[in-house]
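Geometric and topological summary
Chain residues, written in single-letter form:
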Amino acid sequence: MSNPFLSTSTLPYQLPPFEQITPDDFLPAFKAGFEEHLAEIDAIVRNAQAPDFDNTIAAMERAGQTLARTAYVFFTFAAADATAQIQAIQQEVGPQLAAHDDSIQLNKDLFARVEAVSTEGLDDEAVRLVSEYRRSFVRAGAQLDDAGQARMREANSRLSVLGTDYAQKLLRDTNDSALLVSDAADLDGMSADDIASAAAAAAEAGIEGYLLPLVLPTSQPALASLTNRDTRRRLFEASINRGFRANDDNTLALAAEMAALRAERAALLGFGNHAEFATDDQTAPSLAAIHAMLDALVPPAVRNANAEAQLLREAAARDGIDELEPWDWSFYSEQVRREQFSVDRSALRPYFELERVLADGIFYAANRLYGLTFTERTDLAGYHPQVRVWEVKNDDGTPLGLFLGDYYTRPTKAGGAWMNSLVHQSSLLGTQPVVVNNLNIPQPAAGEPTLLSFDEVVTAFHEFGHALHGLFSEVTYPRFSGTAVPRDFVEYPSQVNEMWMLWPEVVANFAKHHVTGEPLPQEDIDKIEAAATWGEGFGTTEYLGATLLDLAWHELAPGETVTDPRKFEAEALERAGVALDLVPPRYRTGYFKHIFAGGYAAAYYAYIWSEVLDADTVEWFKDNGGLTRANGNRFRRELLSRGNSIDPLQAFRNFRGRDGAIEPLLHRRGLD
């Protein structure tokens, strides 16, 4: 049987033929893809005709299709189903990909053709594409001398190895750090469904007892409900020590080396540090502007966190606890939420059943806003048996794309939640989008419903916002498709989509008790909204801790090395004013996958930078009638469909009528 990657898929929307794909296909497909792509690039360089848009820029956009098909599928597996064989392939192919990219981006003859392309007579999207190609070549090092390019290649190759090692070590250590509890009594406070899931996880792992797998951030969901303080401590310490333990999966040396190499690479390109380089092509005007915003948020966030801590101490004292510890925070925060706002978020789970959240919540909101319909395609296979496939159509019945959902945690899946694309929309290539959402929801025991926490529902709406950004793409060139926007803009559409979770018509449609069918009482929804700013001191401070730690790592000067990452982290948090023992950063160096293996190096600030636009957009929807087709169509037309084909901030201005205002964000987070 021929390799399935060597030809275009004949399945609907060019969905990869997962039933035919085996891990053995990847390395031969990568090899063929590299060779094909380099031959196409060589043909562009050797073209005797004068460089123009079609024979140089558009030709590069059309090139490399075998490699693209292979890579999109492979890295979907590497994140969501990283078996030992997939991990071995990733270690081999990572440096090859880095070298391949360098062979193109550092090709001086190719860059000369790009520089020579005239933009006269081109439409706006084509003009922008020429500009983006020129900038990307310069940022890759196309203008460096031979020695500089040689060092750039070495650094890129080494960084690809280190990033893969970091991700794989973290996955192993996260799995190994899952908390094993022998006595169900030690899980008191957790729901019966969650305890059953823990028992099922242990059974699947072939061990007796109850297993609590870890999610990626520091704070673990079960900390909010466990009444046994020692179990809370053990779970918290298991989380916060990932990557720090004295074992083969310690990630600290990898992080330090990556930070040093990124600083050196930035210096080659004329920047003072990697953070300057990384933020130079974002929507933020400067690194200084990013710091100004973050530094202004620290004092009110810490003030609010300290005020919350005092209330938690009082609650803990009633249980005879003399000194509040970080593993107590979530538990007593929920207790205060119940006492002050009469909100028990653990009691909401029976109202958040996965099927209803999807069909009657997420898909329903998309139908009301955009007219979309979703039909599950059980005839189409995903990359894992747990993956489901839906066909998405517009209100007039025209096909839009495919949406794949992969919702359950498993040992081969990275922590966290994300969206990625398997096929990118492009009118140049005649392709429509195929997008994937990944979550990490504990799988229930056989025959039991999947009940989500409040935060898991928020995450599901968030990731679907990314999916909509990919599905609605209407661009010519694949380089601009969907979510291919600056890192500090990409979170904006996804954060906007979170607003629909508690929108009256939406929550009334999906939040129904999975047994009785009774809707979540309106008074409970009102209480949730009234308590919206409770815990924002903690939430904002832990976020700022991670963000400022990220920048500290990536503001190292070229040649500066970190020999003690633990000490470096502690000092960085202290300097930033966020070194609160009770509020550790959302991610620590040992398990900060976003920045050491996820593309967010010096860009974790993007979430709150995007939230300025998000909060302002929420106000616009509220002021203009909310969940209406007219509003959805405007948001789709002016922003979601544009990808990076125009300046993203201009797309926002076209939608909003002005630049974003920060006041709605400050109010949302209780910082005003």
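Further up the page is the structure itself.
Keep in mind the model is a prediction, meaning the values are calculated, not measured.

**Here we look at the overall build of the protein chain**
Broken down by element type, the protein chain carries 25 helices and 7 strands. Across the 672 residues of the protein chain, 57% fall into the buried class. Across the protein chain, every contact between residues at least 6 apart in sequence was considered, and the portion connecting residues at least 24 apart equals 76%. Carbon and sulfur atoms form 49% of the exposed surface of the protein chain, whose accessible area is close to 26,300 Å². Put simply, the protein chain has 58 plus and 97 minus side-chain charges, and the middle of one group is 2 Å from the middle of the other.

**Looking at the pairing of strand β7 (residues 434-441)**
One face of the sheet, then the other: side chains in a regular strand alternate in exactly this way. Of all 8 residues in β7, 8 are buried, a share of seventy percent or more. Here β7 shows no split at all, with Val 434, Val 436, Asn 438 and Asn 440 on one side and Val 435, Asn 437, Leu 439 and Ile 441 on the other all buried. As defined by bridge partners, strand β5 (residues 399-408) adjoins β7 across 6 bridges and the pair is classed as parallel. The residue of β7 that forms the bridge with Tyr 408 is Ile 441. By the bridge criterion, 5 bridges tie strand β6 (residues 418-423) to β7 in an arrangement that is antiparallel.

**Remarks on the packing of aromatic side chains**
The way to describe two aromatic rings as a pair is by their centre distance and the angle between their planes. Applying the stated rule across the entire model yields 46 aromatic pairs. Ring geometry for Trp 500 versus Trp 503: centroids 5.1 Å apart, planes at 65°, classification edge-to-face. We classify Trp 500 as buried; its relative accessible area is 1%. Of the residues examined, Trp 503 reaches a relative accessible area of 15% and is grouped as buried. Here the aromatic residues Phe 5, Phe 18, Phe 26, Phe 30, Phe 34, Phe 74, Phe 75, Phe 77 and Tyr 383 are joined through ring pairs into a cluster of three or more. One Lys or Arg, Arg 242, reaches over the ring of Tyr 591 and ends 4.5 Å from the middle of that ring.

**Quick look at the environment of Phe 111**
Looking at where Phe 111 falls in the secondary structure, it is placed in helix α5 (residues 108-116). Between the C-alpha atom of Phe 111 and that of Val 138, which follows or precedes it by 27 residues, the distance is 8.7 Å. Excluding residues that lie within four positions of it along the chain, Phe 111 makes contacts with Arg 134, Phe 137, Val 138, Ala 142 and Gln 143.

**Quick word on unusual backbone geometry**
We note that Tyr 13 has phi near 60°; this positive angle belongs to a residue other than glycine. The phi dihedral of Gln 14 falls on the positive side, at around 60°, and the residue is not glycine. Mapped onto the fold, Gln 14 is located in the segment before α1 (26-46).

**A word on the side chain of Arg 337**
Topologically, Arg 337 is positioned in helix α13 (residues 329-341). Within the local environment of Arg 337, its side chain forms a polar contact with the side chain of Glu 334, the two groups lying 3.1 Å apart. Leaving out residues up to four positions away in the same chain, Arg 337 has contacts with Ser 342, Val 343, Arg 345, Ala 531 and Trp 534.

**Structural notes on the sheet that holds strand β4 (residues 388-393)**
Strand pairing in a sheet takes place through backbone hydrogen bonds and is either antiparallel or parallel in direction. Pairing is mixed across the open sheet formed by 5 strands, whose spatial order is β3-β4-β5-β7-β6. Two strands bound the open sheet, and with one partner strand each, they are β3 (373-376) and β6. The sheet shows a mean angle of 30° between the axes of neighbouring strands, direction not considered. The strands that helix α15 (residues 454-471) touches are β3, β4, β5, β6 and β7; relative to β7, the one it contacts most, it runs at about 170°.

**Description of the pattern of salt bridges**
All told, the structure shown has 41 salt bridges when counted by the stated rule. In this structure, the salt-bridge partner of Arg 232 is Asp 328, at a minimum N-O distance of 2.7 Å. Here Asp 328 lies in the loop between α12 (287-317) and α13 and Arg 232 lies in helix α9 (residues 229-240), a separation of 96 residues in the sequence. The residue Glu 569 makes a salt bridge to Arg 588 at a minimum N-O spacing of 2.6 Å. Residue Glu 569 is located in helix α20 (residues 565-576), and its partner Arg 588 is located in the loop between α20 and α21 (593-597); the two are separated by 19 residues in the primary sequence.

**Digging into the nonpolar core**
Formed by 152 residues in total, the largest nonpolar core has its most connected members in Phe 352 and Phe 510. Here the element with the most residues in this core is α12; it accounts for 13 residues. Residues in contact with Phe 352, not counting those within four places in the same chain, are Val 357, Thr 450, Leu 451, Leu 452, Ser 453, Phe 454, Val 457, Met 501, Phe 510 and Ala 511. Ala 80, Leu 380, Leu 404 and Trp 418 belong to the second-largest nonpolar core, a separate cluster that totals 33 residues.

**A few points about the environment of Asp 322**
Tracing the chain through its elements places Asp 322 in the loop between α12 and α13. The class for Asp 322 is exposed, based on a relative accessible area of 82%.

**Quick notes on the packing of helix α2 (residues 53-62) against helix α6 (residues 124-140)**
Axis separation between α2 and α6 bottoms out at 11 Å; the angle between their running directions is 70°. In terms of orientation, α2 lies roughly perpendicular with respect to α6. On α6, the residues touching Phe 53, Ile 57, Met 60 and Glu 61 of α2 are Ala 126, Leu 129, Val 130, Tyr 133 and Phe 137. The residue inventory of the contact of α2 with α6, partitioned by class, reads 8 nonpolar, no polar and 1 charged.

What counts, and where the lines are drawn
Residues numbered from 1 in each chain as written. Predicted model: local features only at pLDDT ≥ 70, side-chain atom pairs only at ≥ 80, totals over all residues. Heavy atoms only, no water. Helix = DSSP H or I, 4+ residues; strand = E, 2+ residues; numbered from the N terminus. Buried < 20%, exposed > 50% of the residue type's maximum accessible area, 1.4 Å probe, protein only. Contact = heavy atoms within 4.5 Å. Areas by Shrake-Rupley, 256 points an atom, 1.4 Å probe, with all protein chains shown as cover. Lys, Arg positive; Asp, Glu negative; His and termini not counted. Charge placed at Lys NZ, Arg CZ, Asp CG, Glu CD. Pairing = 2+ DSSP bridges. Phe/Tyr/Trp six-rings, centres within 6.5 Å; stacked < 30°, edge-to-face > 60°. Lys NZ or Arg CZ within 6 Å of the ring centre and 35° of its normal. Polar contact = N/O pair within 3.5 Å; in protein donor to acceptor, adjacent residues only side chain to side chain. Axes fitted to C-alpha atoms, helices over the stretch in contact; angles between N-to-C directions. Salt bridge = Lys/Arg side-chain N within 4 Å of Asp/Glu carboxyl O. Core = buried A, V, L, I, M, F, W, Y, C linked by side-chain atoms within 4.5 Å. Parallel < 35°, antiparallel > 145°, perpendicular 65-115°, else oblique. Nonpolar A, V, L, I, M, F, W, Y, C, P; charged D, E, K, R; others polar.

Geometric values such as these leave the question of function open.
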